[in-house]
Structure formats: structure tokens, C-alpha cells
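The primary structure of each chain is shown beneath.
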Amino acid sequence: FEYAVREQAALLGLAGVALKLLPEKQRIKFILNSMVGALKKSNPQVEAWVEDSGERVAYFESTCAICHSRQSEAPVCHLYVGSIGEAVRWATGREHVITETHCMAKGDPHCRCEVGEAKGDA
């Protein structure tokens, strides 16, 4: 994510200023939707989306290149977990717990990374 910030500094710099005016949950949704848009722009065949269940915001992908053709009993998309964590930290100024709740390597129909509470909040 830091690479994206460096490469798209002008765009993300403007977004960063605008983000400060939004509530935290809206910031999270904005940055995750931006990630989805960037992935789809680089590869139109990517099937990724963001959902807001009311309690949690989650990133989904059903064309995950990380776990494609892999099998595991535990989630394996650590690159997405880390990238989402850094993106959310950039957008909110706080670290959040990111949990991969579904993974195609486990046989799930999609990968799902959920944005949890900010670290230090209870």
C-alpha cells in the first residue's frame, strides 16, 4: 500500500484531505472501494467488492490470485490482510484488526477480509 501512496501521491493526497471530513466507517469503505477499483482497472476480470453488514465492513474477492489452486485448512491470503490493514491505517490514522474469515484455499466460494475494531479499543 505504501508503494501505491508513493505512485499515486497526488490522487491519494487529495483523497486524504477529503477523508478527514468523513466518519471513520466511511473512510474505511472509501479506501476499500478504491482498492477494488484499482484491482479492476489493472485486471477487468477481477471479481472483488466491499460489503457493509452494519457492524463490519468487509473486502471480498472471488478471483483471488493468492490462493488460486491452493488448498489449506487455514486462510492463506496474508498479502491482502496486510494491504487492507495498511490502507485502513492510512485512511483512519489508526490500526484495525483485519481478519480473513473466508478463503478459497479452504474451499470457501470467495475470500473475505473483515475490518474489526481499532487496536486498543474495547
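Here, every reference points to the structure presented above.
Each chain carries its own residue numbering, running from 1 in the direction its sequence is written. Owing to the predicted nature of the model, reporting of local features is limited to residues with pLDDT of at least 70; listing and counting of side-chain atom pairs is limited to 80 or more, with chain, interface and lining totals taken over all residues. The basis for every side-chain value is the complete set of heavy atoms in the structure, and neither hydrogens nor water enter the calculation.

### Here we look at the packing of aromatic side chains
For any pair of aromatic rings, geometry is given as the distance between the ring centres together with the angle between the planes.
(1) Moving on: Classification of ring pairs rests on two measures: the distance between centres of Phe, Tyr or Trp rings, Trp counted by its six-membered ring, which must be within 6.5 Å, and the angle between planes, read as stacked under 30 degrees, edge-to-face over 60 and tilted in between. Tallied over the full model, the rule gives two aromatic pairs.
(2) Moving on: For the pair Trp-49 and Phe-60, a centre-to-centre distance of 5.3 Å together with 10° between the ring planes defines the contact as stacked. Residue Trp-49 is located in strand 1 (residues 48-52), and its partner Phe-60 is located in strand 2 (residues 57-61); the two are separated by eleven residues in the primary sequence.
(3) Moving on: With a 1.4 Å probe rolled over the protein chains alone, any residue whose accessible area is under 20% of its type maximum counts as buried; one over 50% counts as exposed, and the rest are partly exposed. On the basis of relative accessible area, Trp-49 is assigned to the partly exposed category, the value being 28%. Where helices and strands are cited, they refer to DSSP runs of H or I of at least four residues and of E of at least two residues respectively, numbered from the N terminus.

### Focus: the environment of Glu-24
(1) Moving on: Looking at the element boundaries, Glu-24 is found in helix 3 (residues 24-42).
(2) Moving on: Taking the C-alpha atoms as reference points, Glu-24 and Arg-94, 70 residues apart in sequence, are found 9.7 Å from one another.
(3) Moving on: Note on definitions: a residue-residue contact is assigned when non-hydrogen atoms from the two residues lie within 4.5 Å. Other than its neighbours up to four places away in sequence, Glu-24 contacts Thr-92, Arg-94 and His-96.
(4) Moving on: A polar contact of 3.0 Å, which involves the side chain of Glu-24, links it to the side chain of Arg-94. What qualifies as a polar contact is a pair of N or O atoms within 3.5 Å, subject to a donor-acceptor requirement within protein and to the restriction that residues adjacent in sequence count only when both atoms come from side chains.

### What about the pattern of salt bridges?
(1) Moving on: The rule for a salt bridge is simple: a side-chain nitrogen of Lys or Arg has to be within 4 Å of a carboxyl oxygen of Asp or Glu. Enumeration according to the criterion identifies eight salt bridges in this entry.
(2) Moving on: With a shortest N-O distance of 3.5 Å, Lys-119 and Glu-95 are connected by a salt bridge. Of this pair, Lys-119 sits in the segment after strand 4 (111-118) while Glu-95 sits in the loop between helix 4 (78-92) and strand 3 (96-102), placing them 24 residues apart in sequence.
(3) Moving on: Note on Glu-95: relative accessible area 44%, which makes it partly exposed.
(4) Moving on: Overlapping salt bridges bring together Arg-56, Arg-112, Glu-114 and Glu-117 as one network.

### Focus: the sheet that holds strand 3
(1) Moving on: Think of it this way: DSSP has to see at least two bridges between two strands before they count as a pair. A sheet is described by the order of its strands in space; here four strands give the open sequence 1-2-4-3, paired in antiparallel fashion. Every interior strand has two partners, whereas the edge strands, strand 1 and strand 3, have only one. Ignoring strand direction, the axes of neighbouring strands in this sheet form an average angle of 25°.
(2) Moving on: Pairing between strand 1 and strand 2: five bridges, direction antiparallel. Along strand 2, the bridge assignment pairs Ala-48 with Glu-61.
(3) Moving on: Along the sheet, helix 4 contacts strand 2, strand 3 and strand 4; its crossing angle with strand 3, the most-contacted strand, is approximately 145°. A fitted line through C-alpha atoms represents every axis, and for helices the fit uses only the stretch in contact; the resulting angles, taken between N-to-C directions, go from 0 to 180 degrees.

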